[in-house]
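One letter stands for each residue in the lines below.
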Amino acid sequence: MDFGDCINQIHAQMREQGIDLLLGFHDGGHFIEKPNAVMVLSGFKSIGHAMVILPCDGKGTLVVSPPWDAERARECAAPIQVVGAEDVVNTLADYLAPAKILPARIGTAGLVSMPWPVEDRVTALLRGEARPMERAVFAGAGRKTAEQISKARKAVEIAERGYEHLLRMARPGVREDELAMELKSYMKTLGAEDNFLMLCAGAHNRAVQPSSGRRLEPGDVILAEITPSYRGQMAQICRTAVIGSASASLKSGYELVVESMKRGIARAVEGAAMAEVCRAIDAVLEAKGYGEFCHPPHIRRRGHGLGFGSNVPGDVSLENATRLEPDMFLVIHPNQYLPETGYLLCGEPVLITAGAPEILSERTAWLAEIEI
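Residues numbered from 1 in each chain as written. Predicted model: local features only at pLDDT ≥ 70, side-chain atom pairs only at ≥ 80, totals over all residues. Heavy atoms only, no water.

**Points about the overall build of the chain**
Item 1. Within the chain, the secondary structure is distributed over 10 helices and 17 strands.
Item 2. Summarising the internal contacts of the chain: among those between residues at least 6 apart in sequence, 66% fall at separations of at least 24.
Item 3. Here the chain has roughly 15,700 Å² of accessible surface; of this, 51% comes from carbon and sulfur atoms.
Item 4. Between the mean site of the 39 positive side-chain charges and the mean site of the 47 negative ones, the chain shows a separation of 1 Å. (Helix = DSSP H or I, 4+ residues; strand = E, 2+ residues; numbered from the N terminus. Contact = heavy atoms within 4.5 Å. Areas by Shrake-Rupley, 256 points an atom, 1.4 Å probe, with all protein chains shown as cover. Lys, Arg positive; Asp, Glu negative; His and termini not counted. Charge placed at Lys NZ, Arg CZ, Asp CG, Glu CD.)

**Let's talk about the pattern of salt bridges**
Item 1. Throughout the structure, instances matching the rule amount to 23 salt bridges.
Item 2. Across the pair E129 and R127 runs a salt bridge whose closest N-O atoms are separated by 3.8 Å.
Item 3. Its relative accessible area of 37% is what places E129 among the partly exposed residues.
Item 4. Between R263 and E259 there is a salt bridge, with its nearest N and O atoms 2.9 Å apart. With R263 and E259 both in helix α9 (residues 248-267), this residue pair falls 4 residues apart, about one helical turn.
Item 5. Given a relative accessible area of 30%, E259 falls into the partly exposed group. (Salt bridge = Lys/Arg side-chain N within 4 Å of Asp/Glu carboxyl O. Buried < 20%, exposed > 50% of the residue type's maximum accessible area, 1.4 Å probe, protein only.)

**Here we look at the packing of aromatic side chains**
Item 1. Applying the stated criterion to the full structure yields 3 aromatic pairs.
Item 2. Ring geometry for F31 versus F196: centroids 5.6 Å apart, planes at 80°, classification edge-to-face. Taken together, the residues span a long stretch of sequence, with F31 in the loop between β1 (21-26) and α2 (37-42) and F196 in strand β7 (residues 194-202) at a distance of 165 residues.
Item 3. Classification of F31 as partly exposed rests on a relative accessible area of 39%.
Item 4. For F196, a relative accessible area of 24% corresponds to the partly exposed category.
Item 5. Ring plane angle 75° and centroid distance 5.6 Å describe the contact between Y163 and W366, whose orientation is recorded as edge-to-face. In this pair, Y163 is assigned in helix α7 (residues 146-169) and W366 in the loop between β16 (358-359) and β17 (367-370), connecting sequence segments 203 residues apart.
Item 6. Taking relative accessible area as the criterion, W366 reaches 21% and is therefore assigned partly exposed.
Item 7. Sitting above the plane of the W366 ring, R363 keeps its charged end 3.6 Å from the centroid. (Phe/Tyr/Trp six-rings, centres within 6.5 Å; stacked < 30°, edge-to-face > 60°. Lys NZ or Arg CZ within 6 Å of the ring centre and 35° of its normal.)

**Focus on the sheet that holds β1**
In a beta sheet, neighbouring strands pair by backbone hydrogen bonds and run either parallel or antiparallel.
Item 1. Strand order in this open sheet of 6 strands is β4-β3-β2-β1-β5-β6, and the pairing throughout is mixed. Each of the sheet's edge strands pairs with one partner strand only, and the pair in question is β4 (81-84) and β6 (131-132).
Item 2. Of the pairings in the sheet, the one linking β1 to strand β5 (residues 106-109) comprises 4 bridges and is parallel in character. When the bridges of β5 are listed, L23 appears paired with T108.
Item 3. The strands that helix α1 (residues 3-17) touches are β1, β2 (50-55) and β6; relative to β2, the one it contacts most, it runs at about 65°. (Pairing = 2+ DSSP bridges. Axes fitted to C-alpha atoms, helices over the stretch in contact; angles between N-to-C directions.)

**Considerations on the sheet that holds strand β15 (residues 348-351)**
Item 1. Spatial strand order, β11-β12-β15-β16: 4 strands in an open sheet with antiparallel pairing. Each edge of the sheet is formed by a strand with only one pairing partner; in this case those strands are β11 (303-305) and β16.
Item 2. Sheet topology note: the β15/β16 ladder contains 2 bridges and is antiparallel. Bridged to V350 within β16 is I359.

**A short note on the nonpolar core**
Soluble globular proteins tend to pack their nonpolar side chains together in the buried interior.
Item 1. Counting residues in hydrophobic clusters, the biggest one holds 42 residues, and the most contacted among them are L324 and I332.
Item 2. Among the secondary structure elements, those contributing two or more residues to this core are β7, β8 (221-230), β10 (237-243), α9, α10 (274-287), β12 (329-332), β13 (336-338) and β14 (342-344).
Item 3. Among all residues touching I332, those that are not within four sequence positions of it are M261, G264, I265, A268, V277, I281, R302, G303, C346, G347, E348 and V350.
Item 4. Counting 34 residues, the second largest nonpolar core, distinct from the first, contains A192, L197, I222 and A241. (Core = buried A, V, L, I, M, F, W, Y, C linked by side-chain atoms within 4.5 Å.)

**Some details on the packing of α7 against helix α8 (residues 176-189)**
Item 1. Where α7 meets α8, the axes come as close as 9 Å, and the angle between the chain directions of the two elements is 140°. Our classification of the angle between α7 and α8 gives oblique. By crossing handedness, the relation of α7 to α8 is classed as right-handed. Across the interface between the two elements, I158, A159, R161, G162, Y163, H165, L166, R168 and M169 of α7 pack against L179, E182, L183, Y186 and M187 of α8.
Item 2. Of the residues contributing to the contact of α7 with α8, the split by class is 9 nonpolar, 2 polar and 3 charged. (Parallel < 35°, antiparallel > 145°, perpendicular 65-115°, else oblique. Left-handed = near helix turned anticlockwise from the far one by under 90°. Nonpolar A, V, L, I, M, F, W, Y, C, P; charged D, E, K, R; others polar.)

Have a look at this one:
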């Protein structure tokens, strides 16, 4: 599937629902679980308020702010007209004035994530009659295009090289936040324009969390959830390392968590529900007596979809009945608390295919031991 196929699917949904015009919005703030209608409809990752105006029978127009970012948009976006604007709502008003499209035949996606003053002005402009079309925009975008998959592979490569750098830099006395900043900076030199990073350490971690000013110590278990974005496409790896030699219980605990991950990945085949992937992971841990730690407050999910455009297929959780389709992209990570060892991370980026799931990482999770 390519970008044109994705737009054709959305056009078909528009015709089916009687929508003449689709408006996609984004506020320029990017977060790992925040879908982005502008990226779906244009392939562009904005730095400010942005909007795509898509007629049901033609190519769209990408409106970006600040105006000077239009030059970058013309280089990075899919084939689409680009307009720079100080205010996207004023541009929309100018577009609609001569168009004479009934508000009831206009659909929106991403409007609810805009700042309230913007949402209020757009709602007033459309007289409150526009129809939300988040499902039509984001559901189809769950299947990645060939270009997005290529970018995902690059993002995985950056994540793995970043982790290798972390292992070189992590030593007793280094602060967690220093290590996190060094890792982010290094991955930018590799091409990452963004990075959702969770990195912490301790002798017995209760969870993975943002970095603090705590200094690393011998025997610390380092948890790293590394999620770089390459040209708008995210990928994630989850890794665990120990400063010094790992204890026997840490080694055996990590082997168990990795085995549960492998079972989950093996179940991630075309047609399987996300809940089935979660159950495959849980079953390995439950068989060893860790059933109570397979549910909140110890664990919330076993992975999730990846991409700023759309996070479909959603969470790897027992409540998610979404069925996997070829070209969906997600991370599968047991990320399990064990009372003997504390929290442990392992997770791989997985591409769903018509056959076996493809792990995009070059080397799957292992318990790294950092010499001191």
